[in-house]
Amino acid sequence: LLTGFGAFGAVTDNPTAHLARALDGRTLGPWRVHGEVLPVSFARGPSSAVARARALGADAVVGLGVATARTAVDVECLGVNGVGETPDVDGACPSDLGPGPARLEATFDTAALAEALGAGLSRDAGRYVCNAWLYTALRELPHTPVCFVHVPPGWVHAEALARALAVALPAP
């Protein structure tokens, strides 16, 4: 499962929605990609990703989000049970992400994905919906490889992402 996000705030054309749609239905080695575009909503985004992963019996789950202040791609290694003060598209800003540990490490091979993408490794997914997606997916899908990738605005390199995923996806 590969998820991107829709519009939010000043991001009226989210590049991650384009990436998820571009790779939807593609075959990468033995894997078939199911691309989904999620709302930038604390309540709806992460829960939709988890529900879809379960319905598909997903062998791996990769989330994509745009980070407007970043200039390079980063693979996130850590989700934290924390939320900032910026409301989502529903106007919500929860106080935390529910019961669970303070932080959870990504279970996907983040180093392999970062190397294949020519990306950095990050231990700070922020405190917005991207972090909520990562933390929730890790907590709710403990036996599934999960990670999150932040891209800068305008980064729509579907072929580069496809090649990197083909290298980094877990062996069947």
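Shown above is the structure to which this text applies.
The shown structure was predicted, so the numbers you read here are calculated from the model rather than taken from an experiment.

**Quick look at the overall build of the protein**
- Looking only at helices and strands, one finds five helices and ten strands in the protein.
- For the protein, whose C-alpha radius of gyration is 14 Å, the value lies close to the compact-globule estimate of 16 Å for 172 residues.
- Taking the principal axes of the C-alpha coordinates as reference, the protein spans close to 40 × 35 × 30 Å.
- Taken across its 172 residues, the protein has 51% of its residues classed as buried.
- Counted over contacts in the protein with a minimum sequence separation of 6, partners at least 24 positions apart contribute 80%.
- Surface accessibility of the protein: about 7,700 Å² in total, with carbon and sulfur atoms responsible for 52%.

**Topic: the pairing of strand S10 (residues 146-151)**
- Within S10, six of the six residues are buried, which leaves the element mostly enclosed by the surrounding structure.
- Relative to S10, strand S5 (residues 61-66) is paired through six bridges, and the arrangement is parallel. Paired with Gly63 across the two strands is Phe148, which belongs to S10.
- Here three bridges tie strand S6 (residues 74-76) to S10, and the two strands are oriented antiparallel to one another.

**Structural notes on the environment of Ala102**
- Structurally, Ala102 can be placed in the loop between strand S7 (78-80) and strand S8 (103-105).
- On the basis of relative accessibility, which here comes to 61%, the residue Ala102 falls in the exposed class.
- Discounting chain neighbours no more than four positions away, the residues touching Ala102 are Gly79, Val80, Asn81 and Tyr135.

Reading guide: rules and limits
Residues numbered from 1 in each chain as written. Predicted model: local features only at pLDDT ≥ 70, side-chain atom pairs only at ≥ 80, totals over all residues. Heavy atoms only, no water. Helix = DSSP H or I, 4+ residues; strand = E, 2+ residues; numbered from the N terminus. Rg over C-alpha atoms; globule rule 2.2 N^0.38 Å. Buried < 20%, exposed > 50% of the residue type's maximum accessible area, 1.4 Å probe, protein only. Contact = heavy atoms within 4.5 Å. Areas by Shrake-Rupley, 256 points an atom, 1.4 Å probe, with all protein chains shown as cover. Pairing = 2+ DSSP bridges.

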